[in-house]
Amino acid sequence: MQDRRTISSPNAPAAIGPYSQAIVHAGLVWCSGQVALDPAKGELVPGGIEEQTKQVLKNLGNVLTAAGSSLGHVLRTTVYLQRMDDFAKMNAVYGSFFPAEKGSPPARATVEVAKLPKGALVEIDCVAVLAKP
């Protein structure tokens, strides 16, 4: 895999385990899941699901930028919610980052999980294409 490249952005939380923020391979960016950690403080942002979803998507956007892509190039996301009852609020914030009038939003799966790292309410991972392969 000669074209495999590891991505690390100081504008997103550092990996808290043996994984990379993202891997670029064959024109795609494979982003690890992001939770709502403030990259400067290493702590969850204060607030509820809306604030956490916003921070998660900012973090993903920063990783994608470091890789040479953007949220506008996302093909698919997976959303992990601690409580499916938070779906509507998460979805409203998510929709503001992927507005339909700017093109088709990415494909998505959303699942409820028992627990997320650091007690987060939401985690999102994604696959995107490079802006200029």
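This one's a predicted model, so the numbers in the text were calculated from it and none came from an experiment.

Within this structure, the stated rule accounts for one aromatic pair. With centroids separated by 4.8 Å and ring planes inclined at 45°, the aromatic side chains of tyrosine 94 and phenylalanine 98 adopt a geometry described as tilted. Tyrosine 94 sits in the buried class, given a relative accessible area of 4%. Over the ring of tyrosine 94 we find arginine 108; its NZ or CZ atom is 4.5 Å from the centre of that ring.

Take threonine 77: it is sitting in strand β4 (residues 74–81). Overall, the relative accessible area of 2% leaves threonine 77 in the buried class. There is a polar contact of 2.8 Å between the side chain of threonine 77 and the side chain of tyrosine 94. Those residues within four positions of threonine 77 in sequence are excluded, and the remaining contacts are Tyr94, Pro106, Ala107, Arg108, Ala109, Ile124, Asp125 and Cys126.

Conventions adopted
- Residues numbered from 1 in each chain as written.
- Predicted model: local features only at pLDDT ≥ 70, side-chain atom pairs only at ≥ 80, totals over all residues.
- Heavy atoms only, no water.
- Phe/Tyr/Trp six-rings, centres within 6.5 Å; stacked < 30°, edge-to-face > 60°.
- Buried < 20%, exposed > 50% of the residue type's maximum accessible area, 1.4 Å probe, protein only.
- Lys NZ or Arg CZ within 6 Å of the ring centre and 35° of its normal.
- Helix = DSSP H or I, 4+ residues; strand = E, 2+ residues; numbered from the N terminus.
- Polar contact = N/O pair within 3.5 Å; in protein donor to acceptor, adjacent residues only side chain to side chain.
- Contact = heavy atoms within 4.5 Å.

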